[in-house]
Amino acid sequence: MSLDLHDLILHALPSEHFLAQPRPDAALGPPVGTVDTTTLAAHDFDVDTRTGFMPPQPPITRLPPAWESWEELLDDARDGKLKLGERPDLSEDDKALSDRWRARVREMPVLPTDDLKLSELLLRRAHLVLAWIMHFYIRTLPPSTADVRVPAPLTLPLLQVSQHLQLPPVLTYSDDVLYNWALKHAEPLAPAPSLDNLRCVTLFTGTQDEEEFYLASARIELRGVEALGLMRATMDEAFVGDEIAIRRISAYLHSLSVVIADLTKLLLAVREGCDPDVFYHQIRPWFRGADSDANAPQWIFEGIERDPTLHAPVELSGPSAGQSALVHALDIFLGVDKYSHAAHMTGKAGQPAPAPAHEKAQASFLERMKLYMPRHHRAFLGHLQANPRPLRALVEGASDAKLTEAYNAAVGALKVFRDAHVRIVALYIVGPSRRAGQSGDAARGTGGTSAIRFVKSVRDQTASAVIPQPEA
Ligand code: HEM
């Protein structure tokens, strides 16, 4: 590891922080007799008390010089304003620019990834850079391309880095939201960034619409930190479980409703900066994964056979805020996930939601989206799910009118959030696709679902999770 790399890690994090420690190989596990610091409890879920699922410091924006050629390719794709290959108005110059850039990707040397594996922060940045390059590469191809071939200099490092992070080798919510921000100006005394002090580092289109689209989610993540604190306080009280604890939990649940109502406002505020037609036609096509269209060509990862530890990827959905651990944490904490993301809620396009009971079991949408979350956050959701004193059982068992009312208010607030989300999906996907005279797959979500039908059914299932008031 070079000196620069040491400096980079040490300056970004307190030295005792577990992410600053050398990282044991994920595939092999820690050496005998040492603690695996990648998967421990509490703050090792990489959930910060100030910024939640977002990192407390702005993410690093450049890899050390050994990987500069990746960074340069990403700079050039972004600064050169490469255009979508499917655009009908592409000029010959636009096509030549993209062709030349893609040739450089094919011709770049296969860079080793071993030194990246020493640091979680470098692995994250490497995943982000390589996944953005892959989406630029695939989405600038002409639409007539029969086989989408990801060249070996991209395949090998992207698959190796993804394997270590236990993530699919595709752009995820963490690459475009959680780890794609910087501060507009320094806020030395602020414990967490102010919601209006964020900017994005990497964009496909350079538009304000695209930036606002990512920042809407980032602001929701930051506002949601209070919800995480309320969950923790509730869980502590649930262990006591006496009358005072029940009163406190009721108060926490009312506070949670207020936080969720703020999340709804922040979600709807995306309309102020992001135009639905710009989003649908100019931004969203860049995100598309391999399953965004039933007739899309398969992605072939060239050179994969050169590394026997690698396997052909199966999960290749595009990024979706459905990969936000925050919203799912709310669901799981309230015990609503058994309704809103029940096993039959696969959301698969072309499939009714819920799917018929006789159909072969498929992973639920939530289970699938968990695979796209940073593994510490995935572990956090697993930890919440394994809570020995689940809130919903406590509310049902307590037969306390005020507690039931507070619980139902929180479930109701989540239902209202999802009402707003249905409106957003109608505005940003259904409307523009209809106006463009498209049908069928055009209205698929980037997570591969039949978008509007799926989000409506998640909303309806959420509403059905209210608990009847106990008999007086
Ligand atoms: C213009 C803004 C947005 C659009 C067009 C949109 C679209 C969609 C679509 C189509 C789905 C279905 C799954 C898929 O195939 O991807 C989905 C799911 C989901 N989205 Fe959004 N979304 C937007 C903003 C957000 C934001 C800001 C959040 C919160 C951070 C969010 C949270 C979710 C969640 C949690 C799901 C999973 C379903 C659920 O649990 O309700 N979305 N979204």
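Conventions adopted
Residues numbered from 1 in each chain as written. Predicted model: local features only at pLDDT ≥ 70, side-chain atom pairs only at ≥ 80, totals over all residues. Heavy atoms only, no water. Helix = DSSP H or I, 4+ residues; strand = E, 2+ residues; numbered from the N terminus. Buried < 20%, exposed > 50% of the residue type's maximum accessible area, 1.4 Å probe, protein only. Contact = heavy atoms within 4.5 Å. Areas by Shrake-Rupley, 256 points an atom, 1.4 Å probe, with all protein chains shown as cover. Axes fitted to C-alpha atoms, helices over the stretch in contact; angles between N-to-C directions. Parallel < 35°, antiparallel > 145°, perpendicular 65-115°, else oblique. Nonpolar A, V, L, I, M, F, W, Y, C, P; charged D, E, K, R; others polar. Disulfide = S-S within 2.5 Å. Core = buried A, V, L, I, M, F, W, Y, C linked by side-chain atoms within 4.5 Å. pLDDT = per-residue confidence, 0-100. Phe/Tyr/Trp six-rings, centres within 6.5 Å; stacked < 30°, edge-to-face > 60°.

Focus on the overall build of the chain
Okay, step 1: Scanning the chain from N- to C-terminus turns up 18 helices and four strands.
Okay, step 2: Within the chain, buried positions represent 55% of all 472 residues.
Okay, step 3: Put simply, 79% of the contacts in the chain that link residues at least 6 apart link residues at least 24 apart.
Okay, step 4: When the accessible surface of the chain is totalled, it reaches about 20700 Å², and 56% of it is carbon and sulfur.

What to know about the packing of helix α11 (residues 276–287) against helix α17 (residues 401–435)
Okay, step 1: At a closest axis distance of 8 Å, the pairing of α11 and α17 adopts a crossing angle of 85°. Of the possible angle classes, the one that applies to α11 and α17 is roughly perpendicular. Counting all contacts with α11, which are made through P276, D277, F279, Y280, H281 and R284, the residues of α17 involved are L427, Y428, I429, P432, S433 and R435.
Okay, step 2: Of the residues that constitute the contact of α11 with α17, the class distribution is seven nonpolar, two polar and three charged.

Remarks on the state of the cysteines
Okay, step 1: Counted by the stated rule, this structure contains zero disulfides.
Okay, step 2: C274 takes part in no disulfide bond, and the closest cysteine sulfur, belonging to C200, lies 11 Å away.
Okay, step 3: C274 sits in the buried class, given a relative accessible area of 1%.

Looking at the nonpolar core
Okay, step 1: Of all hydrophobic cores here, the largest spans 129 residues; its most connected members are W70, L253, L256 and L334.
Okay, step 2: Among the elements that make up this core, the one with the highest residue count is α17 (14 residues).
Okay, step 3: The residues contacting L256, other than those within four sequence positions of it, are A227, L230, L330, F333, L334 and A410.

Focus: the side chain of H135
Okay, step 1: Of note, H135 is situated in helix α4 (residues 120–139).
Okay, step 2: According to the relative accessible area criterion, H135 is buried, its value standing at 1%.
Okay, step 3: Apart from residues lying up to four places away in sequence, H135 is in contact with V170, L171, F204, W286, F287, R288 and P319.

A short note on the confidence of the model for the chain
Okay, step 1: Of the residues in the chain, 86% reach a pLDDT of 70 or more, and the chain-wide mean stands at 88.
Okay, step 2: Throughout residues 1–42 the model reports pLDDT below 50, and contacts reaching past four residues in sequence, or to other chains, amount to 59 contacts.
Okay, step 3: Across residues 350–360, where pLDDT falls below 50, the model places eleven contacts with residues more than four positions away in sequence or in other chains.
Okay, step 4: Scored as a whole, the predicted complex attains pTM 0.90, and scored at its interfaces, ipTM 0.96.

Focus: the packing of aromatic side chains
Okay, step 1: One pass over the full model with this rule turns up 15 aromatic pairs.
Okay, step 2: Residues F279 and Y428 carry aromatic rings whose centres are separated by 5.5 Å and whose planes lie at 85° to one another, so their mutual orientation is edge-to-face. Of this pair, F279 sits in helix α11 while Y428 sits in helix α17; the two residues are 149 residues apart in sequence, bridging distant segments of the chain. Neither F279 nor Y428 differs from the other in exposure class; each is buried.
Okay, step 3: Linked through ring pairs, W101, W132, F136, F204, F213, Y214, F279, W286, F287 and Y428 together constitute an aromatic cluster.

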